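Now for the letters of each chain:
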There are 2 protein chains.
Amino acid sequence: MDLPPEKIIQSIDWRYLRDALTPEEAFDRLVNSQENRAEQEHRVIQKGVKAYSTAGWLGLTDQQILQTIEEVKASGLDCFKMKVGGGIDFDRKRMAFLRDAIGTDALLMTDANQLWGVDEAIDYMKQLAEFRPHWIEEPTARDDVFGFQRIAEALQPLGIGVATGEQVPSPVIFKQMLMQQAIQFCQIDATRLAGVQDVLAVILMADKFGIPVCPHGGGIGLCNMIVHYALWDQICVSGPSRGQLVEYLNFLQDGVFLNPVAMKDGAYQTPAAAGWGLEMEEEFVRDHTYPTGSVWQGREASGSITFVA
Amino acid sequence: MDLPPEKIIQSIDWRYLRDALTPEEAFDRLVNSQENRAEQEHRVIQKGVKAYSTAGWLGLTDQQILQTIEEVKASGLDCFKMKVGGGIDFDRKRMAFLRDAIGTDALLMTDANQLWGVDEAIDYMKQLAEFRPHWIEEPTARDDVFGFQRIAEALQPLGIGVATGEQVPSPVIFKQMLMQQAIQFCQIDATRLAGVQDVLAVILMADKFGIPVCPHGGGIGLCNMIVHYALWDQICVSGPSRGQLVEYLNFLQDGVFLNPVAMKDGAYQTPAAAGWGLEMEEEFVRDHTYPTGSVWQGREASGSITFVA
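Notes on the structure in this doc start here. Values in this document were obtained by computation on a predicted structure and should not be read as measured data.

Some thoughts on helix α10 (residues 222-237) of chain A
So, point 1. Here α10 of chain A is 16 residues long and its end C-alpha atoms lie 21 Å apart, about the 22 Å a rise of 1.5 Å per residue gives.
So, point 2. Of the residues one or two after α10 of chain A, Gly239 of chain A is the one with positive phi, at around 80 degrees.

Shown next as structure tokens:
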């Protein structure tokens with residue numbers, strides 16, 4: 001957080017990014033954002049970064065979804081995501097159900113996990129528009145910039161934004177998505193790109209093109225990591241008022257990590273421990289070590305391969 | 001070669017490709033191209049598929065380049081590629097030298113191996129335009145479709161085409177490159193994509209958008225494989241008259257493969273053996289097996305790791 005702007009700039013590989021953002025411009029933007037730094041830092045650390053969670057998993061029953069919504073609400077969250085792509089009739093019914101359950105004003109996001117082609121995505125989402133999805137996430141292949149651009153243009157009049165990033169394989173794809181306004185929400189992932197410096201580059205580009213950074217969480221440890229990127233974005237780069245939403249899932253925290261992420265009033269609490277917060281509980285590691293751990297007992301492979309501890 | 005059109009279409013994953021080419025349209029195109037099939041097959045098998053080779057490797061001296069050109073010419077080839085990016089003064093001097101050595105009429109291609117950013121590529125190539133490069137290969141990052149589009153537009157008035165593909169990571173990137181005319185030469189690779197069906201899809205899309213398929217060769221065995229794709233393209237899909245050029249490098253063939261690729265009058269001879277032609281000589285395999293082979297003797301790792309045969 002306190003790394004000076006010149007060190008940030010030096011850490012990034014600018015070779016393919018200069019047509020979107022030059023290191024000089026990025027440096028100036030970072031320096032300018034320091035003007036409000038103390039105030040922004042105080043405000044963000046006090047409030048934390050706003051979170052959302054998925055309530056509408058495809059495999060859940062209606063009753064299980066209601067229960068999940070209650071759990072999510074108990075943490076103070078008021079924005080919810082659902083998976084789509086289960087067939088238009090099923091999705092319309094489920095989305096009506098979810099919209100009813102969360103109320104008219106709550107944000108409701110949709111996620112297709114790259115299930116559709118470009119035209120298919122547009123047709124499909126038009127049929128879900130009446131339930132006012134805030135965004136459609138991964139409507140098509142992760143690297144189809146022109147496809148995303150077409151989808152974004154088609155859905156813009158309906159008030160539906162396009163989100164992607166959890167599987168975007170390079171900063172160059174992010175660059176194009178941002179320059180072309182092919183996405184309205186930039187979902188950086190903590191581990192998909194080549195390293196921290198690539199993620200910083202994407203956050204800086206998103207800032208320039210006015211696209212809110214809404215990090216992807218989920219897999220074990222991801223939420224612990226993304227809160228740090230979100231804090232850097234909202235304190236040092238674009239500020240907290242772009243409508244950023246950070247994904248949160250309430251599993252694999254307590255009993256797993258020494259410093260589990262904490263949610264309060266619908267926001268990630270700012271971690272106090274040094275580092276990513278990925279150190280695991282000794283007991284959890286012992287139980288999950290293959291093949292000696294307790295969770296592996298009775299699960300040995302049935303083939304001829306044997307493992308020796 | 002004799003797989004019927006319906007089987008080809010069934011083998012391809014169309015999910016993300018339909019906005020460029022539908023399976024129905026691809027089927028019709030394949031059926032239509034069968035009208036001239038017998039004649040095309042006869043002509044292509046007689047003549048082989050036209051090849052080009054690299055003479056201007058960055059590490060070579062002028063004298064070595066002249067020698068390489070002579071070797072390449074001895075196989076009947078009349079198109080030559082050179083690496084660029086060694087600095088504009090060096091490249092201008094070397095390109096003048098190569099143009100002089102191969103003559104005014106020979107095609108001369110350039111290859112930057114993704115060295116540049118977008119604007120840098122445009123500026124650089126403008127300074128090489130007077131030597132009439134046929135194409136610039138990989139001017140920037142492999143997945144920068146918008147970048148390639150800008151480069152192609154800027155270089156089109158200078159008569160320089162843009163080529164890429166050897167590192168394109170998905171058919172979706174190829175789709176965009178082809179739909180947007182961001183490349184003028186489609187360099188499929190035999191092993192980069194997920195499999196044969198993805199390469200067939202790219203060849204079919206290139207055909208629709210009128211872009212010649214110029215496969216990438218080089219690494220061990222690649223030339224043996226790409227000749228099959230080139231033959232399929234030129235016999236069953238787009239025909240032989242699009243200006244296709246197939247990369248050829250005269251190393252790692254004799255003494256390596258049981259059925260080395262053969263060059264005659266500047267064209268790949270059509271392989272007669274079944275399969276990809278990748279079966280290796282027993283002696284070559286024995287000599288290169290680690291760590292017992294003769295090429296590894298005296299090259300043991302100096303650390304503490306030991307290998308047991």
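Focus on the pattern of salt bridges
Close approach of charged atoms allows side chains of opposite charge to pair.
Residues and elements named next belong to chain A.
So, point 1. Scanning the model with the defined rule gives 30 salt bridges over all chains in all.
So, point 2. For the salt bridge of Asp2 with Arg37, the shortest nitrogen-to-oxygen distance reads 2.9 Å. Of the two residues, Asp2 is situated in the segment before α1 (5-11) and Arg37 in helix α3 (residues 37-47); the sequence distance between them amounts to 35 residues.
So, point 3. Asp2 gets classed as exposed once you look at its relative accessible area, which sits at 66%.
So, point 4. Arg242 is paired through a salt bridge with Asp207; the nearest N and O atoms lie 3.2 Å apart. Taken together, the residues span a long stretch of sequence, with Arg242 in the loop between α10 and β7 (246-247) and Asp207 in helix α9 (residues 196-208) at a distance of 35 residues.

Things to note about the interface of chain B and chain A
So, point 1. With 23 residues of chain B at the contact, the number on the chain A side is 23 residues.
So, point 2. Interface area, chain B with chain A, both sides summed: about 1,800 Å², of which 51% is carbon and sulfur.
So, point 3. Remark: the boundary between chain B and chain A carries 2 salt bridges.
So, point 4. The salt bridge partner of Asp144 of chain A is Lys175 of chain B, with a shortest N-O separation of 2.5 Å.
So, point 5. Counting the contacts that link chain B with chain A gives 14 residue pairs in polar contact (both at pLDDT 80 or more).
So, point 6. Broken down by secondary-structure element, the contributors of at least two residues to the side of chain B that touches chain A are α6 (118-126), α7 (145-155) and α8 (171-179) of chain B.
So, point 7. Tallied by class, residues from the side of chain B that touches chain A come to 9 nonpolar, 7 polar and 7 charged.

Some words on the side chain of Arg99 of chain A
Residue and element names in this part refer to chain A.
So, point 1. Along the chain, Arg99 turns up in helix α5 (residues 88-102).
So, point 2. Among buried charged residues, Arg99 stands out as having no salt bridge; its nearest opposite-charge side chain is Asp105, 7.1 Å away.
So, point 3. A distance of 3.4 Å separates a polar side-chain atom of Arg99 from the backbone oxygen of Thr104.
So, point 4. When residues no more than four places from it in sequence are discounted, the contact partners of Arg99 are Thr104, Ala106, Leu108, Phe131 and Arg132.

Each value, and the rule that gives it
Residues numbered from 1 in each chain as written. Chains lettered and ligands numbered in written order. Predicted model: local features only at pLDDT ≥ 70, side-chain atom pairs only at ≥ 80, totals over all residues. Heavy atoms only, no water. Helix = DSSP H or I, 4+ residues; strand = E, 2+ residues; numbered from the N terminus. Expected span 1.5 Å × (residues − 1). Salt bridge = Lys/Arg side-chain N within 4 Å of Asp/Glu carboxyl O. Buried < 20%, exposed > 50% of the residue type's maximum accessible area, 1.4 Å probe, protein only. Contact = heavy atoms within 4.5 Å. Buried area = accessible area lost by both parts, 1.4 Å probe. Polar contact = N/O pair within 3.5 Å; in protein donor to acceptor, adjacent residues only side chain to side chain. Nonpolar A, V, L, I, M, F, W, Y, C, P; charged D, E, K, R; others polar. Lys, Arg positive; Asp, Glu negative; His and termini not counted.

Purely spatial values, then, with no claim about function.
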